[in-house]
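Here is how the chains run, residue by residue.
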Amino acid sequence: MTIKIHGDLGSGSLRRVTTAAKLMGIEIERINVDLFKGESHTPEFLKLNPHGLTPVLQEGETILWESSAINIYLAEKANSPLLGKTAKERSEVLQWMFWSGEQWRVFFVLLFDERVGARAMGKPQNIAVINLALSKIRAAAQVLDTHLADRQFIVGDELTLADIDIAAPFSQINRSKPPLEEFPNLYAWQQRLLDTVPAWAETKGELDGRMDAFFSAVGLTF
Ligand SMILES: N[C@@H](CCC(=O)N[C@@H](CS)C(=O)NCC(=O)O)C(=O)O
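Note that the coordinates shown come from a computational prediction; the quantities given were computed from them, not determined experimentally.

Bringing the overall build of the protein into the picture now. Helix and strand counts for the protein stand at nine helices and four strands. Scaling as 2.2 N^0.38, a compact globule of 222 residues should have a C-alpha radius of gyration of about 17 Å, and the protein matches this with 17 Å. Residue burial in the protein is summarised as follows: out of 222 residues, 47% are buried. Here the contacts in the protein between residues at least 6 apart in sequence split such that 67% fall between residues at least 24 apart. A total of about 10,900 Å² of accessible surface is found on the protein, and carbon and sulfur atoms cover 55% of it. Across the protein, 23 positive and 28 negative side-chain charges occur, with their mean positions spaced 4 Å apart.

Let's shift gears to the nonpolar core. Ranked by size, the top nonpolar core spans 50 residues in total, and within it Leu-74, Trp-104, Ile-154, Leu-161, Leu-180, Leu-186 and Trp-189 carry the most contacts. Counting residues per element, the ones that place at least two in this core are helix 1 (12-24), helix 3 (67-78), helix 4 (87-120), helix 5 (127-147), helix 6 (161-167) and helix 8 (184-196). Among the elements that make up this core, the one with the highest residue count is helix 4 (eight residues). Two domains each put at least three residues into this core: domain 1 (4-81) and domain 2 (84-217). When residues no more than four places from it in sequence are discounted, the contact partners of Leu-74 are Ile-3, Val-17, Ala-21, Met-24, Ile-26 and Leu-57.

Now for the site of the ligand. Every residue near the ligand is listed here: Ser-11, Ser-13, Arg-16, Leu-35, Ser-40, His-41, Gly-52, Leu-53, Thr-54, Pro-55, Glu-66 and Ser-67. A distance of 2.6 Å separates an oxygen atom of the ligand from a polar side-chain atom of His-41. Taking Glu-66, its side chain carries an N or O atom lying 2.8 Å from a nitrogen atom of the ligand. Protein contacts shield 70% of the accessible area of the ligand, which totals 510 Å² for the unbound molecule. Structurally, the ligand is housed in the largest pocket. Considered class by class, the residues forming the shell around the ligand number three nonpolar, seven polar and two charged.

This part is about the side chain of Arg-15. Inspection of the secondary structure puts Arg-15 in helix 1. The buried charged residue Arg-15 lacks any salt bridge partner; its closest oppositely charged side chain belongs to Asp-208, at an N-O distance of 7.2 Å. A distance of 2.8 Å separates polar atoms of two side chains, one belonging to Arg-15 and the other to Ser-171. Those residues in contact with Arg-15, other than ones at most four positions away along the chain, are Ser-171, Leu-194, Trp-200, Thr-203, Lys-204 and Leu-207.

Our focus in this paragraph is helix 5. In this model helix 5 runs 30 Å from its N-terminal to its C-terminal C-alpha over 21 residues, within 8% of the 30 Å that 1.5 Å per residue would give. Listed in full, the buried residues belonging to helix 5 are Ile-130, Ala-133, Leu-134, Ile-137, Ala-140, Ala-141, Leu-144, Asp-145 and His-147. Along the long axis of helix 5, the arc covered by the buried residues comes to 150 degrees, so they all point the same way. Away from its buried face, by an angle of more than 90 degrees, helix 5 presents the exposed residues Ala-128 and Thr-146. Looking at the packing, one finds that the buried side of helix 5 touches helix 4, helix 6 and helix 8. Two or three places before Ala-128, at the start of helix 5, stands the capping residue Asn-126, its side-chain oxygen 3.0 Å from that residue's backbone nitrogen.

Below, the discussion takes up helix 4. Roughly 50 degrees is the biggest bend found in helix 4, and it falls at Ser-100. A positive phi of about 70 degrees marks Gly-122, the residue just after helix 4.

A few words on the packing of helix 1 against helix 9 (residues 198-217). Between helix 1 and helix 9, the least distance of the axes is 9 Å, while the angle of their chain directions is 145 degrees. For the pair helix 1 and helix 9, the sense of crossing is right-handed. Across from Gly-12, Arg-15, Thr-18, Thr-19, Lys-22 and Leu-23 in helix 1, the residues of helix 9 making contact are Ala-199, Trp-200, Glu-202, Thr-203, Lys-204, Glu-206 and Leu-207. Considered class by class, the residues forming the contact of helix 1 with helix 9 number four nonpolar, four polar and five charged.

Reading the values: rules and limits
- Residues numbered from 1 in each chain as written.
- Predicted model: local features only at pLDDT ≥ 70, side-chain atom pairs only at ≥ 80, totals over all residues.
- Heavy atoms only, no water.
- Helix = DSSP H or I, 4+ residues; strand = E, 2+ residues; numbered from the N terminus.
- Rg over C-alpha atoms; globule rule 2.2 N^0.38 Å.
- Buried < 20%, exposed > 50% of the residue type's maximum accessible area, 1.4 Å probe, protein only.
- Contact = heavy atoms within 4.5 Å.
- Areas by Shrake-Rupley, 256 points an atom, 1.4 Å probe, with all protein chains shown as cover.
- Lys, Arg positive; Asp, Glu negative; His and termini not counted.
- Charge placed at Lys NZ, Arg CZ, Asp CG, Glu CD.
- Core = buried A, V, L, I, M, F, W, Y, C linked by side-chain atoms within 4.5 Å.
- Domains from an automatic or database assignment.
- Near = heavy atom within 4 Å.
- Polar contact = N/O pair within 3.5 Å; in protein donor to acceptor, adjacent residues only side chain to side chain.
- 1 Å grid on protein atoms, 1.4 Å probe; cavity = no way out; pocket = protein on both sides within 12 Å on 5 of 7 lines; lining within 4 Å.
- Sits in = over half its atoms within 2 Å of the grid points.
- Nonpolar A, V, L, I, M, F, W, Y, C, P; charged D, E, K, R; others polar.
- Salt bridge = Lys/Arg side-chain N within 4 Å of Asp/Glu carboxyl O.
- Expected span 1.5 Å × (residues − 1).
- Arc of directions from axis to C-beta.
- Bend = angle between axes of the 7 residues up to and from the residue.
- Axes fitted to C-alpha atoms, helices over the stretch in contact; angles between N-to-C directions.
- Left-handed = near helix turned anticlockwise from the far one by under 90°.

See below:
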């Protein structure tokens, strides 16, 4: 049965899923949802995800949202080592994926909304929100930087879904400019992923292409 993934190429969340699918050799049909046109809030789309968020997986009767849940679904289907090679690794992969959702990516979303979204909509940036996001990002990045001091990957000795989830916020750094260069081990790790995981580099190209085209069309540079 065809696996459809609804999403916008400019989305870091979609990128997590398209990267994982490529890595696992899972064929997907990507259905475009133009987020700049609000297409995730149409009555039809809200039947797929009432939160109006992408990506969404659709396979027959199965509908699934949340990129991490989608990636776990795909990895279980493919029996992929991206979920960890042992029970211990799997628990650690899940630990980092849950942490990433609750304590990491959320603050990059706040930063993006203020530094990029607000500007695109001609609204003032909320400096208090930006400062909160920066302080949370710095605190978490410090822990990641220490964790990555003597490791190539977040868990074990190979790429896992934890790397994909934690590296995802780097997708928008050219635009929202978080202070990640202050953390050399973390920065080197994400650069290594780009250099050694072709699927990660390919999806970055797709994302940047989409974002650059949109912002140059509306005359915004970052
Ligand atoms: N926690 C969700 C985040 C989903 C999300 O925030 N998606 C954004 C794009 S990256 C979206 O669809 N935004 C549309 C909107 O807010 O209208 C996941 O991991 O999939």
